[in-house]
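Reading the structure
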Amino acid sequence: MADFSRDYRIAYDVGRKSCTMAFRCFDTPNSVTVYGGDFDGYAVEDVLLDVRRLCLELHMLWSFSLAESDISRINARTCEPVPVDARTARLLQEMKSFHEREPLFDFTIGSASFIWKHFDRVPDELAIEEALSHVSADKVSVVLESDAAGGGLVPAVVKSDPLTRVDVGGAAKGFAADLVVARLREAGIESADVDLGGNLFLMGKHPAGRPWRLSVRIPEGIEADRIVVEVEDVSAVTSGSYERFVEVGGKRYQHIVDPATGRPSTSDIVSATVIAKSSLQADMLATTLLMSGSSGYAGMLARHPECEFIAILQDGTILRSA
Amino acid sequence: MVRDSELGGESREEPVYDKVTQASMNGIYVKAQELDRGHNTVSAPSAAPPGAGADASTHAPSSDGSAYALGEDASTHASTHASDSDASTHASDR
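Parameters at a glance
Residues numbered from 1 in each chain as written. Chains lettered and ligands numbered in written order. Predicted model: local features only at pLDDT ≥ 70, side-chain atom pairs only at ≥ 80, totals over all residues. Helix = DSSP H or I, 4+ residues; strand = E, 2+ residues; numbered from the N terminus. Rg over C-alpha atoms; globule rule 2.2 N^0.38 Å. Buried ≥ 20, exposed ≤ 12 C-beta atoms within 10 Å, placed from the backbone. Pairing = 2+ DSSP bridges. Axes fitted to C-alpha atoms, helices over the stretch in contact; angles between N-to-C directions. Parallel < 35°, antiparallel > 145°, perpendicular 65-115°, else oblique. Left-handed = near helix turned anticlockwise from the far one by under 90°. Contact = placed C-beta atoms within 7 Å. Nonpolar A, V, L, I, M, F, W, Y, C, P; charged D, E, K, R; others polar. pLDDT = per-residue confidence, 0-100.

1. Overview of the overall build of chain A
Scanning chain A from N- to C-terminus turns up eight helices and 18 strands. Against the 2.2 N^0.38 benchmark of 20 Å for 322 residues, chain A shows a C-alpha radius of gyration of 20 Å, consistent with a compact globule. A principal-axis box enclosing the C-alpha atoms of chain A has dimensions of 60 × 60 × 45 Å. By residue count, 50% of the 322 residues in chain A fall in the buried class.

This is the structure we're talking about:
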């Protein structure tokens, strides 16, 4: 068995102006760097270790593969109420609420994305149709039920279709980033950059006292100018079809499954970046923008004027809201 | 390029950007065979060891016995994010 106790590292910069923790979680590398703290003691390290512990807890709750995770228990073939952690309940409620504004974002896509994740072969029409019949946000409810121990009410998830599967992939790391930032703020941290597998939250100002300069990666093979945006105290999340894809029969499929078709999205957007005050919102919007394609871009801007959108199209065209 | 002539003529490069946002694994997908299902609890890390905290030091990992299973030798993870030697050079294309 591998030694998983060695999955993080804490280091200071020269001059001890910043402290970085790199750690493995959510099946991806993550890092948190805090600036301007009390680096003479271990207080900042305790904060960072607390952040890591929080992330590990969330992973345990939301992993698809851990049999006892909230998500695995919800996705079991049952219509019985499944007691869940309050954070899971809130995540699902947020996704359900977002779905009402953006129907393209459907957290019950799990039934359809499940059959594509294997990618040994392209699923046939019948399999896709069958999987799609279980996709509907109306089939999942978050309720309060009596604690088995009689200790009061606890959140639980109820499905009306035992084969409906939830997929928190388009929101989990965003929600986790928001919780991490809240934890850092509680500890008095004012400036930090949080990177959960690419989901960024740039807290406060850059330590030099200016806004953060954020660049958006241009996918390989795309001819486009570098994009640099100045931001303060916001999250930036990019969803793209260039990092995760699988080739089957010589054809490339991206990882986000369109709930309208049950097939991987064929959007003309290859990179969708959203900058928002909430990482959860940025995460869900980035996923939705990627699926919506350039034809849905203007509508999303109109519905979410508080956010900044940057879309890179296959032909190198860049759409920017600001 | 910003030249600090008042400070002895040393030049210091201003970063064009501090961080890069890019697409990531948009989900928490862990292959079943990579998991150790027998260990799925998280315990509190121990306190930092004496002597930890020196500049650019690499701390000994926690001895919390964390059973968080990732399916890879976690010792290969530790070097993925070295701390920057200077905050102004934080920019990096990942």
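2. Examining the pairing of strand β6 (residues 153-159) of chain A
All names here are of chain A. The pairing of strand β4 (residues 82-83) with β6 spans two bridges and is antiparallel. In the sheet register, Val82 faces β6, and the bridge partner there is Val157. Of the strand pairs in this sheet, strand β5 (residues 140-146) and β6 are connected by seven bridges, and their pairing is antiparallel. The partner of Val142 across the bridge, within β6, is Val157.

3. A look at the packing of helix α4 (residues 110-117) of chain A against helix α5 (residues 125-132) of chain A
Residue and element names in this part refer to chain A. Packing of α4 against α5 leaves a shortest axis separation of 7 Å and a crossing angle of 150 degrees. When the axis of α4 is compared with that of α5, the two are roughly antiparallel. Relative to α5, the crossing made by α4 is right-handed. Contact residues: α4 offers Ser111, Ala112 and Ile115, while α5 offers Ala127, Ile128, Ala131 and Leu132. Classifying every residue of the contact of α4 with α5 gives six nonpolar, one polar and no charged.

4. Comments concerning the environment of A:Asp85
Residue and element names in this part refer to chain A. Positionally, Asp85 belongs in the loop between β4 and α3 (86-101). C-alpha separation for the pair Asp85 and Leu56, spaced 29 residues apart in sequence, amounts to 14 Å. Setting aside its immediate chain neighbours within four residues, Asp85 contacts Leu61 and Asp70.

5. Things to note about the confidence of the model for chain B
Low-confidence regions, as indicated by low pLDDT, have predicted coordinates that should not be scrutinised in detail. Residues and elements named next belong to chain B. Across chain B, the average pLDDT comes to 39, with 10% of residues at or above 70. Scored below 50 in pLDDT, residues 1-11 makes seven contacts in the model with residues more than four places away or belonging to other chains. Low pLDDT (under 50) marks residues 26-94, which in the prediction has 155 contacts with non-local residues, meaning those over four places away or in another chain. Taken over the whole predicted complex, pTM reads 0.78, whereas the ipTM for its chain interfaces reads 0.85.

6. Things to note about the packing of helix α7 (residues 279-292) of chain A against helix α8 (residues 294-303) of chain A
A pair of packed helices is characterised by two quantities: the angle between their axes and the separation of those axes. All names here are of chain A. Where α7 meets α8, the axes come as close as 7 Å, and the angle between the chain directions of the two elements is 145 degrees. For the pair formed by α7 and α8, the contact residues are Thr288, Leu289 and Ser292 on the first element and Gly296, Tyr297 and Met300 on the second. In the contact of α7 with α8, the residues fall into three nonpolar, three polar and no charged.

7. Considerations on the environment of A:Ile109
All names here are of chain A. Residue placement: Ile109 occurs in the loop between α3 and α4. By C-beta crowding, Ile109 is classed as buried, having 25 other C-beta atoms within 10 Å. Along the backbone, Ile109 and Gly262 are 153 residues apart, and their C-alpha atoms lie at a distance of 8.0 Å. Dropping the residues within four chain positions of it, Ile109 is found in contact with Val135, Asp167, Val257 and Pro259.

8. Observations concerning the pairing of strand β7 (residues 191-196) of chain A
Residue and element names in this part refer to chain A. In terms of burial, β7 is largely enclosed, as six of its six residues are buried. As paired strands, strand β3 (residues 28-35) and β7 are joined by six bridges and run antiparallel to one another. Paired with Tyr35 across the two strands is Ser191, which belongs to β7. One ladder, built from five bridges, connects β7 with strand β8 (residues 199-203); its direction is antiparallel. Counted as the bridge partner of Val194 is Phe201 from β8. Hairpin connection, β7 to β8: the antiparallel pair is bridged by two residues, and Gly197 has positive phi, about 60 degrees.

9. Topic: the sheet that holds strand β3 (residues 19-21) of chain B
Note on sheets: strands pair through backbone hydrogen bonds, and any given pair is parallel or antiparallel. Read across the open sheet, the three strands follow the order β10(A)-β9(A)-β3(B); overall the sheet is mixed. Where the open sheet ends on each side, the last strands, each with one partner, are β10 (227-231) of chain A together with β3 of chain B. Each adjacent strand pair in this sheet contributes to an overall mean axis angle of 35 degrees, direction not counted. Pairing of strand β9 (residues 212-216) of chain A with β10(A), which is carried by five bridges, proceeds in the antiparallel orientation. Each bridged residue has a counterpart across the sheet, and for A:Ser215 the counterpart in β10(A) is A:Val228.

10. Points about the sheet that holds β3(A)
All names here are of chain A. Read across the sheet, nine strands follow the order β1-β2-β3-β7-β8-β11-β16-β17-β18 without closing on themselves; strand pairing throughout is antiparallel. The open sheet has two edge strands, β1 (8-12) and β18 (318-320), and neither has a second partner. In this sheet, adjacent strand axes meet at a mean angle of 10 degrees when their direction is disregarded. Lying over the sheet, α8 contacts β16 (269-276), β17 (308-313) and β18, oriented at roughly 175 degrees with respect to β17.

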